[in-house]
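Inside the fold
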Amino acid sequence: MFRFILIVALSITCIKSSAGLSAIKESKAEKILLVTVSETGLITVGKDMVSSDDLARYIQERLFKSYMGTGLMHNKITLVKEEPHTPDVVIEVVMKEIKAGQKRALTELCLQKHKKLFDNLNSRQQEKLRKQFPVLFQEPFITDNVTR
């Protein structure tokens, strides 16, 4: 009799915890990788300062480490000009580095999951990756200026 009560209690606990987990997953906010560029070309990603030479590697590592830890990646990358006078040349360099970081993360992901490069995957596999990890294919990054 004691075993039966224990099994029922454990079953109810498991059901409640799995329902709670799904509610937590649904309520999580969108994960955004925020890249901020100052007028002088200073790049900040989250709380980290990154040089333009290291930005592609940094983006790749952030996206891929997030995937390795949780199986998920950021939902999107947002590039913000800190001041309205930020030169277009600086923004172009940062956008080029972000795209390179996305490409490097995609290559690493494809090699990890499929042991092939993205271009060598069939169209169904490519489409599945596009749906599962849209941040790797995101194009426009810029939003309006922010004031601090």
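Anything mentioned here points back to the structure above.
Here is a short report on the structure shown in this document. (Residues numbered from 1 in each chain as written. Predicted model: local features only at pLDDT ≥ 70, side-chain atom pairs only at ≥ 80, totals over all residues. Heavy atoms only, no water.)

Concerning the packing of aromatic side chains
The cut-off we apply is this: Only Phe, Tyr and Trp rings take part, Trp by its six-membered ring, and two of them pair if their centres are within 6.5 Å. Stacked means planes under 30 degrees apart, edge-to-face means over 60, and tilted covers everything else. Helix and strand definitions follow DSSP, with helices as H or I runs of at least four residues and strands as E runs of at least two, each counted in order from the N terminus. Buried residues are those whose accessible area, probed at 1.4 Å on protein chains only, stays under 20% of the maximum for their type, while exposed residues exceed 50% and partly exposed ones sit between those limits.
For the structure on display, the rule yields 3 aromatic pairs. Taken together, a centroid distance of 5.4 Å and an interplanar angle of 45° make the contact between F118 and F137 tilted. Of this pair, F118 sits in the loop between α3 (88-114) and α4 (123-132) while F137 sits in the segment after α4, and the two are 19 residues apart along the sequence. For F118, a relative accessible area of 11% puts it in the buried group.

Let's talk about α3
Cut-off, in case you're wondering: Helix span is expected to be 1.5 Å times the residue number reduced by one. Contacts between residues were defined by any pair of non-hydrogen atoms, one from each residue, lying within 4.5 Å.
In this model, α3 (27 residues) spans 38 Å end to end at C-alpha, consistent with the 39 Å of a helix rising 1.5 Å per residue. Of all the residues in α3, the buried ones are I91, V94, E97, I98, G101, Q102, A105, L106, L109 and C110. For α3, the elements touching its buried residues are β1 (32-37), β2 (43-45), α2 (55-70), β4 (76-81) and α4. Trailing α3 by a residue or two, K115 shows a phi angle of about 60°, which is positive.

Focus on the nonpolar core
For clarity, the cut-off: Nonpolar cores were defined as sets of buried Ala, Val, Leu, Ile, Met, Phe, Trp, Tyr and Cys residues, with membership established by side-chain atoms within 4.5 Å.
Membership of the largest hydrophobic core comes to 29 residues, with the highest contact counts inside it found for V35, L63, I77 and L136. Every element with two or more residues in this core is listed here: β1, β2, α2, β4 and α3. Broken down by element, the residue count for this core peaks at 7 residues, all from α3.

Remarks on the pairing of β1
Rules: Strand pairing is assigned whenever DSSP identifies at least 2 bridges connecting the two strands.
Pairing analysis gives 6 bridges linking β1 to β4, with the strands arranged parallel. Note on β4: the bridge partner recorded for I32 is K76. Here β1 runs beside β2; their pairing, made up of 3 bridges, is antiparallel. Bridge pairing in β2 places V35 opposite V45.

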